[in-house]
Amino acid sequence: MDALASLLRSDALPLAILGMIVLESVLLLGWYKKTGHGPRPALTISFLGAGFALMAALYFHRRDDGSTWGFALAMFAALLLHVWHVAQLARR
């Protein structure tokens, strides 16, 4: 249990999730470019970008150094990306 608690207190988990989001984006965009199947690039970028921005906001929120601007910018980016994603879905 101590290992899990220390993992949750560290920055490793949000950073690992950010890395996985980047990897997923690269794989999905590469798959679409190669096969023409899968989600369109704009949908992939807007959806995963919003998740990336929210995870970045979590990372900044957990910092003890007063990263309020980083948190605010990440949350604003997440909002913009979510609105962009919903607008794309509405046009379908």
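Residues numbered from 1 in each chain as written. Predicted model: local features only at pLDDT ≥ 70, side-chain atom pairs only at ≥ 80, totals over all residues. Heavy atoms only, no water.

Enquirer: Would you take a moment to explain the overall build of the protein for this structure?
Expert: When helices and strands are tallied, the protein shows four helices and zero strands. When the helices and strands of the protein are read in sequence order from the N terminus, they spell out α-α-α-α. Against the 2.2 N^0.38 benchmark of 12 Å for 92 residues, the protein shows a C-alpha radius of gyration of 16 Å, more extended than a compact globule. For the protein, the spread of C-alpha atoms along the three principal axes comes to 45 × 25 × 20 Å. Taking all 92 residues of the protein together, 24% fall into the buried category. Across the protein, contacts joining residues at least 24 apart in sequence account for 64% of those joining residues at least 6 apart. Split by element, the accessible area of the protein, about 6,500 Å² in all, is 73% carbon and sulfur. Averaging the coordinates of the 8 positive side-chain charges in the protein and doing the same for the 5 negative ones gives two points 19 Å apart. (Helix = DSSP H or I, 4+ residues; strand = E, 2+ residues; numbered from the N terminus. Rg over C-alpha atoms; globule rule 2.2 N^0.38 Å. Buried < 20%, exposed > 50% of the residue type's maximum accessible area, 1.4 Å probe, protein only. Contact = heavy atoms within 4.5 Å. Areas by Shrake-Rupley, 256 points an atom, 1.4 Å probe, with all protein chains shown as cover. Lys, Arg positive; Asp, Glu negative; His and termini not counted. Charge placed at Lys NZ, Arg CZ, Asp CG, Glu CD.)

Enquirer: I would appreciate a short explanation of the pattern of salt bridges in the present structure.
Expert: Between side chains of opposite charge, a pair can form as their charged atoms come close. The final tally for this structure, using the stated rule, is two salt bridges. Note that Asp11 is salt-bridged to Arg62, the shortest N-O span being 3.9 Å. Here Asp11, found in the loop between helix H1 (2-9) and helix H2 (12-35), pairs with Arg62, found in helix H3 (residues 41-62); they are 51 residues apart in sequence, far enough to count as distant. Between Arg63 and Asp11 there is a salt bridge; the shortest N-O distance is 2.1 Å. You can see Arg63 sitting in the loop between H3 and helix H4 (68-91) and its partner Asp11 sitting in the loop between H1 and H2, a full 52 residues away along the chain. Note on Arg63: relative accessible area 29%, which makes it partly exposed. Among the charged side chains, a network of salt bridges with common partners joins Asp11, Arg62 and Arg63. (Salt bridge = Lys/Arg side-chain N within 4 Å of Asp/Glu carboxyl O.)

Enquirer: Honestly, the packing of aromatic side chains in this entry has me stumped. Any pointers?
Expert: Pairs of aromatic rings are described using the distance from one ring centre to the other and the angle between the two planes. Applying the stated rule across the entire model yields one aromatic pair. Judged by centre distance (5.7 Å) and plane angle (65°), the rings of Tyr59 and Phe60 are edge-to-face. (Phe/Tyr/Trp six-rings, centres within 6.5 Å; stacked < 30°, edge-to-face > 60°.)

Enquirer: In this structure, what is going on with the confidence of the model for the protein? I would like to understand it.
Expert: When pLDDT is low, close inspection of the predicted coordinates is not appropriate. Taken as a whole, the protein shows an average pLDDT of 92; of its residues, 99% reach a score of 70 or greater. Of all the helices and strands in the protein, H1 carries the lowest mean pLDDT, 78, while H4 carries the highest, 96. (pLDDT = per-residue confidence, 0-100.)

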